[in-house]
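# Summary of the model geometry
Residue-level listing of the chains:
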Amino acid sequence: MKKNLIDLSHISKTFDGDRVIDDFNLTIKENTFVTLLGPSGCGKTTILRIIGGFLKPDMGRVFFDGKDITELPPEKRQLNTVFQKYALFPHMNVEDNIAFGLRIKKKSEDFIKSKIEYALKLVNLEGYGKRDIDALSGGQQQRIAIARAIVNEPKLLLLDEPLGALDLKLRQEMQYELIRLKNELGITFIYVTHDQEEALTMSDTIVVMNQGYIQQMGTPEQIYNEPENAFVATFIGDSNIVSGKMIEDYAVEISGKKFRCIDAGFGKNKAVDIVIRPEDVEILEPNSPKAILHGRMTHVIFKGEMYEMLCVTDDGKEWLVHSTILHEVGKEVGVYVEPYNIQIMNKPTSEDEEAIDPVVYEAEE
Amino acid sequence: MNSKLRNHLIAAPYTIWMIGFIVIPLVFVVYYAFTNDANAFTLDNVISFFNPIHFKSFVKAFKLAFISTFICIILAYPIALIFRNSKTKKSSFIIYVFILPMWMNGLLRIYAWLTLIEKKGIINLILSALNLPNINIVNTETAIILGMVYDFLPFMILPLYNSLMKIKDDTLNGARDLGANEIQVFTRVILPLSMPGMISGITMVFIPALTTVAISYMLGGGLFLLVGNVIEQEFLTTSNWHLGSGLSFVLIVFIFIVMGITNNFTDKDEEINIV
């Protein structure tokens, strides 16, 4: 059983009268890779900065390893942060940057030297010690920022969108590096990002946030396969979200037709939302016995690893379809979805869920 | 038209300006400095730097310039730091209020000081009204230093503020995160990163203070001969252009030495070589 490392209890934070975080509770276990995922302005960075000590919550307590650290300044916390834009000291070379924390702690120069060597090796930048910060690429700077943090042997490493400024290929490389680092160091990572792919790749646990509230918390598989509400479903990957009716346990009505599903306990004839991932929409010949809905293909875009297509069913509903098999525009087709690919969600009841506006996260950065 | 030729044409007015108003006058200064009335080569003008009166004027000018530059740093740094940290729209406005006097004629500003600090000046009027002892600083070194500080303070605030504004919040947060307390953040991060601004502030305050004529003349009541006053007298009163040029030449050499020393302290790629 892993110990709780971080406990956020009833945290609230207001900026200029704007309540960013309201009664936020989160527990993070030791030695896990936790990602706070959400659109800009969802409060994920605020949470990270509250843990780091750079922001004080208006209400609530922060516990670290069982101790209340709410009032502790950042320099007294046993954790380190890797900032969004590296935040390296431009007036020092690589070595002095890495040594900064250790010199503050008055470690011996021999110890510091061995630590620098160890850290540079860990981030694959051996021999870079004497270089100027300006002489490094973005990816190298980010590795130094990580090295600078981990030489202090924190129990917890906070990473604030550290890969945001890197190009795609470098970002993917760094994702694997971070996973390796986490495994080698055996410490807890709290990672903030708005990039769902990054979150799915690296995390043990994903915390999906919107408008200061946790929308869902779970493993990447749970978040992707069993989104609990429409926000999570649309934010994590593409999806078809349709209204429907739960006829009874294990049977749901979509577009007036009965589909079998694997969910139960919603009650009879209850209105629900249904999430179906585009890769789970099966396109069949129109006369196939499996076909439940019928329609016609209207758009096709070639995306490289698959075709992205639109199919309009007879009731006028549009379905996003991902498939490696091409179905040409105008073709009459049948549509089928496997029971385990149908994810049933309750219709939103709280205002917070309804406040979900797709424009908010499409318009960011 | 090739682009090189075009660039030369665009640069032409500035080249003419530079030659006409900077290079040629300097050549004249050097020529006069190393000749005498008979137009014969001589080192006497330059060597007269060692004449006790001249030497004293140099020492005094350096001393007052040094003190006022130091006071400017002490006054400007907290202001610049406060404005950097406040980060509101107001702060850039207030910074402009601080440098507002820069837009007024320097002589007028000195006159204003004179009316403030003279024996029957405004400050003493107020002190008398409050039954407090009067101050008597006009025609003293204190008055000159006050005038210099007032005159040149904006030139220290502005570059300091600019260089402090360039420091990102996360750079400071990073230092805190790594265990530095507020004093250590200041000494190890803020101070070194603001050096370029401080150096350009120093050059922009120290050199005008060193060469001032008006401030020492008006607030010192002519009792304190700074090197600027000596040179002015040689040119305008005694009409000894050769001696005046000789001393000017020595002063220019000193200025180059000062700039050489200060530039040594800064990053090679900073834009402070503006003086």
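Analysis parameters
All chains use their own residue numbering, which begins from 1 and follows the written sequence. As they are written, the chains are lettered A onward and the ligands numbered 1 onward, keeping that order. Residue-level local features of this predicted model are given only where pLDDT is at least 70; pairs of side-chain atoms are given and counted only at 80 or more, and the full residue set underlies all totals for whole chains, interfaces and linings. As a convention, hydrogens and water are excluded, and side-chain values are obtained from all of the structure's heavy atoms. The pairing criterion for strands is at least two bridges between them, as found by DSSP. A run of H or I in DSSP counts as a helix once it spans at least four residues, and a run of E counts as a strand once it spans at least two, with each numbered from the N terminus. In this analysis, axes come from line fits to C-alpha atoms, helices being fitted only over the stretch in contact, and the angle between any two N-to-C directions falls in the range 0 to 180 degrees. Pairs of residues are marked as contacts when any of their non-hydrogen atoms sit within 4.5 Å. Comment on the angle field: the value is read as roughly parallel under 35 degrees, roughly antiparallel over 145, roughly perpendicular from 65 to 115, and oblique elsewhere. As a working rule, the residues Ala, Val, Leu, Ile, Met, Phe, Trp, Tyr, Cys and Pro are called nonpolar, Asp, Glu, Lys and Arg charged, and the rest polar, with Gly in that last group. The score called pLDDT rates the predictor's confidence residue by residue, from a low of 0 to a high of 100. Throughout, buried area stands for the accessible area (probe radius 1.4 Å) lost by two parts on being put together, summed over both. Take a side-chain nitrogen of Lys or Arg and a carboxyl oxygen of Asp or Glu: if they are within 4 Å of each other, that pair is a salt bridge. The term polar contact refers here to a pair of N or O atoms within 3.5 Å; inside protein, the definition further demands a hydrogen-donor-capable atom paired with an acceptor-capable atom, and it admits residues adjacent in sequence only when both atoms are side-chain atoms.

## Overview of the sheet that holds strand β16 (residues 293–302) of chain A
All names here are of chain A. An order of β15-β19-β16-β17-β18 is seen for the five strands of this open sheet, with the pairing classed as antiparallel. Of all the strands in the sheet, the pair left with one neighbour each is β15 (282–284) and β18 (318–323). Within the sheet, the average angular offset between the axes of one strand and its neighbour, ignoring direction, is 45°. Pairing geometry for β16 and strand β19 (residues 332–336), over four bridges, is antiparallel. Residue pairing in the sheet places Leu293 in a bridge with Val335 of β19.

## Focus on the sheet that holds strand β10 (residues 213–218) of chain A
All names here are of chain A. The sheet built from six strands is open, its strands ordered β6-β7-β8-β3-β9-β10 with mixed pairing. With one partner strand each, in any of the chains shown, β6 (79–82) and β10 form the two edges of the open sheet. When strand polarity is set aside, the average angle formed by the axes of neighbouring strands in this sheet is 15°. Pairing geometry for β6 and strand β7 (residues 156–160), over four bridges, is parallel. Residue pairing across strands places Val82 opposite Leu159, the latter belonging to β7. Lying over the sheet, helix α5 (residues 168–185) contacts β3 (33–37), β7 and β8 (188–193), oriented at roughly 155° with respect to β8.

## Quick look at the packing of helix α3 (residues 52–86) of chain B against helix α11 (residues 227–236) of chain B
Residues and elements named next belong to chain B. At a minimum axis separation of 7 Å, α3 and α11 run at an interaxial angle of 140°. By the angle between their axes, α3 is oblique relative to α11. For the pair α3 and α11, contact is made by His54, Ser57, Phe58 and Ala61 and by Val227, Val230 and Glu234, respectively. When the residues that make up the contact of α3 with α11 are grouped by side-chain class, the tally is four nonpolar, two polar and one charged.

## Concerning the confidence of the model for chain B
All names here are of chain B. Looking at chain B as a whole, the pLDDT averages 87, with 96% of positions reaching at least 70. Taken as a whole, residues 268–275 scores under 50 in pLDDT and shows 15 contacts with residues more than four places along the chain or in a different chain. Scored by ipTM, the complex comes to 0.74, with pTM at 0.77.

## Describing the interface of chain B and chain A
With 18 residues of chain B at the contact, the number on the chain A side is 25 residues. Counting each side, the surface lost to burial between chain B and chain A is near 1800 Å², with a carbon and sulfur contribution of 58%. If you sort the residues of chain B by the area they bury against chain A, Asp177, Leu178 and Arg188 of chain B come out on top, with a joint share of 39%. Counting every contact that joins chain B to chain A gives two salt bridges. Here Glu75 of chain A and Arg176 of chain B are joined by a salt bridge, their closest N and O atoms 2.6 Å apart. At the surface where chain B touches chain A, the tally comes to five residue pairs in polar contact (both at pLDDT 80 or more). Mapped onto the side of chain B that touches chain A, the elements with two or more residues apiece are α8 (169–177) and α9 (182–211) of chain B. Tallied by class, residues from the side of chain B that touches chain A come to six nonpolar, six polar and six charged.

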